[in-house]
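Listed below, chain by chain, are the residues.
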Amino acid sequence: MFDYESMRLIWWALLGILLIGIAVMDGFDFGVAILLPFVAKSDVERRIVINTVGPVWEGNQVWLILGGGAIFAAWPLLYATAFSGFYLAMFLVLAALILRPVAFKFRSKLDDVRWRATWDVAFFIAGLVPALIFGVAFGNVIVGVPFRFDDTLRMTYEGTLLGLLNPFALVCGLISVAMLTLHGANYLALKAEGPLVARGVRIGRMAALAAVALFIVAGIWVAYGIDGYSIAQPIPHDGPSNPLLKTVTKEAGAWLINYRLFPWTKAAPVVAILMLAASALLLGKQRAGLALLASGLGIAAIIATAGLSLFPFMLPSSLDPSASLTVWDTSSSLLTLRIMLAATVIFLPVIMLYTAWVYSVLRGPINEAFVKDETHSTVY
């Protein structure tokens, strides 16, 4: 079996894969919800938009549950620190996620314009809030989170909800909203028909340009305007999970060290920019399937860029840099990581195969005839 160092690296990579799964699979659900008030001009068009994601959003949300479970099992100190520090922000995300199924189920209960308009707004909020807050959270991780530990590893968080909304984090939040709006526009172009697709294409291409521009701005900001973190002395990669046993310093340009040490990592931001630009181009040429694939790869590359920049840090502390959580001092025990890896090897492919089967069964366009056919049990 793998040794402790290897298991920590494997679970760091698996966490990244699960975060990418959340962003790619649940991301177009959020993107479609964000697009709803801008692309649909009639009740029939709004029903078409909602029904493109109505049958699949629950399955996509499995990735969010998997991600939370993986953090809890493999990185318990990260789970406790992040979910405690971002408590109010996570509460807003959960409230939005709870609002989404209610909007799906209640919207068509009454044939009343104001009733349906209210749930359309709720559906939009349920897409915008998670997309924005997830991006803001990533931005705060790069800047550093205000927490510290005492000698018994009891965590103290000294931030506020408004404190999370710092300028850099808001830029990251806007990147998240823009890239998921593009992803949603691609999915809408693939699944829907009619004039709303043309409106979605126009907004999606603008979102792609915004995502690329903001991503470049964020990269320059990280390079020249934000101090990164570095471990002052080598620490054992198979040592105890105690973040207080190391010394960490803050210094300018530290988040770029990995790109100098491992030149291949430069591919991640390059791929992100190229894929987002390619997605916009393909969307304009009505190649929705390829555009959706490109936007998914772009999203994956953006998340990979953040992870590779931070490595080995997982949650830096702005109050006490030496309390920052890293891959080498935050994980569960070796036995736990091995058991979880065995479970992941068995069940993750099953989930992926089942998801692929569901999408193959539900393939085909959603149009006016579909939403008016009351024999479909999935029509909202």
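Right above here is the structure, for reference.
Summarised in this report is the structure supplied together with it. What you see is a predicted model; the values in this text were computed from it and never measured.

Points about the packing of aromatic side chains
Part 1: What the rule picks out here adds up to 17 aromatic pairs.
Part 2: Aromatic side chains Phe 72 and Tyr 79 sit 5.1 Å apart centroid to centroid with 80° between the ring planes, which places their arrangement in the edge-to-face category.
Part 3: Arranged with centres 5.1 Å apart and planes meeting at 65°, the rings of Phe 104 and Phe 123 form a pair that is edge-to-face. Linking Phe 104 in helix H6 (residues 87-106) with Phe 123 in helix H7 (residues 113-143), this pair joins segments that are 19 residues apart in sequence. Each member of the pair, Phe 104 as well as Phe 123, carries the same accessibility label: buried.
Part 4: Through successive ring pairs, a cluster of aromatic residues spans Trp 12, Phe 311 and Trp 328.
Part 5: For Arg 8, the ring lying beneath its charged end belongs to Tyr 4, and the centroid distance is 3.9 Å.

Side note on the nonpolar core
Part 1: Counting residues in hydrophobic clusters, the biggest one holds 110 residues, and the most contacted among them are Trp 11, Val 49, Trp 75, Leu 78, Phe 123, Trp 255 and Leu 315.
Part 2: Apart from residues lying up to four places away in sequence, Val 49 is in contact with Val 32, Leu 36, Val 39, Ala 40, Leu 188 and Leu 196.

A closer look at helix H12 (residues 288-310)
Part 1: Counted at 1.5 Å a residue, the expected span for H12 with its 23 residues is 33 Å, and the 33 Å between its end C-alpha atoms agrees.
Part 2: With 17 of 23 residues buried, H12 is to be regarded as a mostly interior element.

Section: the pattern of salt bridges
Part 1: Tallying each qualifying case throughout the model produces nine salt bridges.
Part 2: Put simply, Arg 116 and Asp 43 hold a salt bridge, and the shortest N to O gap is 2.7 Å. Linking Arg 116 in helix H7 with Asp 43 in helix H2 (residues 43-53), this pair joins segments that are 73 residues apart in sequence.
Part 3: Classification of Arg 116 by relative accessible area gives buried; the value is 11%.
Part 4: Residue Asp 43 is classed as partly exposed on the basis of its relative accessible area, which comes to 26%.
Part 5: As a salt-bridge pair, Arg 148 and Glu 158 come within 2.3 Å of each other at their nearest N and O atoms. Here Glu 158 lies in the loop between strand E2 (155-157) and helix H8 (167-191) and Arg 148 lies in strand E1 (residues 147-149), a separation of ten residues in the sequence.
Part 6: Put simply, Asp 43, Arg 46, Arg 107, Arg 116 and Asp 120 are held in one network by salt bridges that share partners.

Remarks on the environment of Asn 258
Part 1: Mapped onto the secondary structure, Asn 258 falls in helix H10 (residues 257-261).
Part 2: Here Asn 258 falls in the buried class, since its relative accessible area comes to 10%.
Part 3: Considered as a pair, Asn 258 and Leu 18 are 240 residues apart in the sequence and their alpha carbons are 22 Å apart.
Part 4: Discounting residues that sit within four places of it in the chain, Asn 258 has contacts with Thr 265, Leu 308, Ser 309 and Phe 311.

A look at the side chain of Ser 279
Part 1: Within the element layout of this structure, Ser 279 appears in helix H11 (residues 267-284).
Part 2: Here the side chain of Ser 279 touches Ala 291 through a polar contact of 3.0 Å, landing on its backbone oxygen.
Part 3: Not counting chain neighbours up to four residues away, the residues in contact with Ser 279 comprise Leu 182, Asn 186, Ala 291, Ala 294 and Ser 295.

Side note on H11
Part 1: Helix length check: H11 (18 residues) gives 26 Å between terminal C-alpha atoms against 26 Å at 1.5 Å per residue, within 8%.
Part 2: In this structure, the buried side of H11 is in contact with H8, helix H9 (195-225) and H12.
Part 3: Two residues or fewer past H11, Gln 286 is found with a positive phi of approximately 60°.

Describing the packing of H8 against H11
Part 1: Viewed as axis vectors pointing N to C, H8 and H11 meet at an angle of 30°, and their least axial separation amounts to 11 Å. By the angle between their directions, the pair H8 and H11 is classed as roughly parallel. Judged by the twist between their axes, the crossing of H8 over H11 is left-handed. Packed against H8, whose contacting residues are Leu 182, Ala 185, Asn 186 and Ala 189, the element H11 presents Leu 276, Ser 279 and Leu 283 at the interface.
Part 2: Here the contact of H8 with H11 is built from residues that sort into five nonpolar, two polar and no charged.

Some points on the environment of Thr 326
Part 1: Tracing the backbone shows Thr 326 in strand E6 (residues 325-326).
Part 2: Put simply, Thr 326 and Ile 17 are 309 residues apart on the chain and 18 Å apart in space, counted from C-alpha to C-alpha.
Part 3: With residues near it in sequence (within four places) discarded, Thr 326 still touches Ile 231, Ile 235, Lys 246, Pro 312, Phe 313 and Met 314.
Part 4: Only 2.9 Å separates the side chain of Thr 326 from the side chain of Asp 329, close enough to count as a polar contact.

Details of the packing of H7 against H8
Packed helix pairs are specified by the crossing angle of their axes together with the interaxial distance, meaning the distance between the axes.
Part 1: It is the contact of H7 with H8, at a shortest axis distance of 7 Å, that shows an interaxial angle of 140°. Classed by the angle they form, the pair H7 and H8 counts as oblique. For the element pair H7 and H8, the recorded crossing hand is right-handed. Of the residues in H8, those touching H7 at Leu 128, Ala 131, Leu 132, Gly 135, Val 136, Gly 139, Asn 140, Ile 142 and Val 143 are Phe 168, Ala 169, Leu 170, Cys 172, Gly 173, Leu 174, Ser 176, Val 177 and Leu 180.
Part 2: Class assignment of the residues belonging to the contact of H7 with H8 gives a composition of 13 nonpolar, five polar and no charged.

With respect to unusual backbone geometry
Part 1: With an omega of 5°, the peptide bond between Phe 311 and Pro 312 qualifies as cis.
Part 2: Within the element layout of this structure, Pro 312 appears in the loop between H12 and strand E5 (313-315).
Part 3: Within the chain, Leu 153 stands out as a residue other than glycine whose phi angle is a positive 65°.
Part 4: As for its placement among the helices and strands, Leu 153 is situated in the loop between E1 and E2.
Part 5: Even without being glycine, Gln 286 reaches a positive phi, approximately 60°.

So, how was this worked out
Residues numbered from 1 in each chain as written. Predicted model: local features only at pLDDT ≥ 70, side-chain atom pairs only at ≥ 80, totals over all residues. Heavy atoms only, no water. Phe/Tyr/Trp six-rings, centres within 6.5 Å; stacked < 30°, edge-to-face > 60°. Helix = DSSP H or I, 4+ residues; strand = E, 2+ residues; numbered from the N terminus. Buried < 20%, exposed > 50% of the residue type's maximum accessible area, 1.4 Å probe, protein only. Lys NZ or Arg CZ within 6 Å of the ring centre and 35° of its normal. Core = buried A, V, L, I, M, F, W, Y, C linked by side-chain atoms within 4.5 Å. Contact = heavy atoms within 4.5 Å. Expected span 1.5 Å × (residues − 1). Salt bridge = Lys/Arg side-chain N within 4 Å of Asp/Glu carboxyl O. Polar contact = N/O pair within 3.5 Å; in protein donor to acceptor, adjacent residues only side chain to side chain. Axes fitted to C-alpha atoms, helices over the stretch in contact; angles between N-to-C directions. Parallel < 35°, antiparallel > 145°, perpendicular 65-115°, else oblique. Left-handed = near helix turned anticlockwise from the far one by under 90°. Nonpolar A, V, L, I, M, F, W, Y, C, P; charged D, E, K, R; others polar.

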